[in-house]
Amino acid sequence: LRDDRKGDSFYLRRLFQDAFGGIEWVSADGPEALQREDLRQFSTVFLLNVQQLTKPQAERLEQYVKEGGGVGV
């Protein structure tokens, strides 16, 4: 549903890509990506419609923020 107007990220992604321009939007398939991806490659991580994080996911996100990454909820 990423390209569907009912998708969680549709309007936010459109804002960043179309209105601001020059911003690459990378979508993930759930909070499990917090453990798979090297978060340092991203300037900001947005958690959209995430009901809960596991302790390891939350710890990785916390470390990412401590190192200067941004988080939007």
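It should be noted that the structure appears before, not after, this text.
Here goes a summary of the coordinates provided. Starting from 1, residues in each chain are numbered consecutively following that chain's sequence as written. Under the rules for a predicted model, residues below a pLDDT of 70 receive no local features and side-chain atom pairs below 80 are neither given nor counted, while totals for whole chains, interfaces and linings still include all residues. Computation of side-chain values covers all heavy atoms of the structure but excludes hydrogens and water.

Focus: the layout of surface pockets
Rules: Site definitions follow a grid-based scheme: protein atoms alone, a 1 Å grid, a 1.4 Å probe that fits but cannot get out for cavities, and for pockets an open set with protein on both sides within 12 Å along at least five of seven lines, plus lining residues having an atom within 4 Å of a point. Grid points are joined across faces, edges and corners, and a volume is the space filled by probe spheres set on the points. Note on conventions: DSSP H or I runs of at least 4 residues are helices, E runs of at least 2 residues are strands, and numbering of each starts at the N terminus. Charged means Asp, Glu, Lys or Arg here, nonpolar means Ala, Val, Leu, Ile, Met, Phe, Trp, Tyr, Cys or Pro, and polar covers whatever is left, Gly included.
One number sums up the size of the largest pocket: a volume of about 870 Å³. Lining the largest pocket are 30 residues, and of these Trp25, Val26, Ser27, Ala28 and Phe46 sit closest to its centre. Mapped onto the lining of the largest pocket, the elements with two or more residues apiece are helix H2 (33-36) and strand S1 (44-46). Grouping the constituent residues of the lining of the largest pocket by class yields 16 nonpolar, eight polar and six charged.

Let's talk about the pattern of salt bridges
Short version of the rule: Every case where a carboxyl oxygen of Asp or Glu lies within 4 Å of a side-chain nitrogen of Lys or Arg is listed as a salt bridge. When accessible area is computed with a 1.4 Å probe and restricted to protein chains, residues below 20% of their type maximum are described as buried, those above 50% as exposed, and intermediate ones as partly exposed.
One pass over the full model with this rule turns up three salt bridges. One salt bridge connects Glu62 with Lys66, and the closest N-O pair in it is separated by 3.7 Å. Remark: Lys66 and Glu62 occur in helix H3 (residues 55-66); sequence separation between them is four residues, near one turn of the helix. By relative accessible area, which is 46% here, Glu62 ends up partly exposed.

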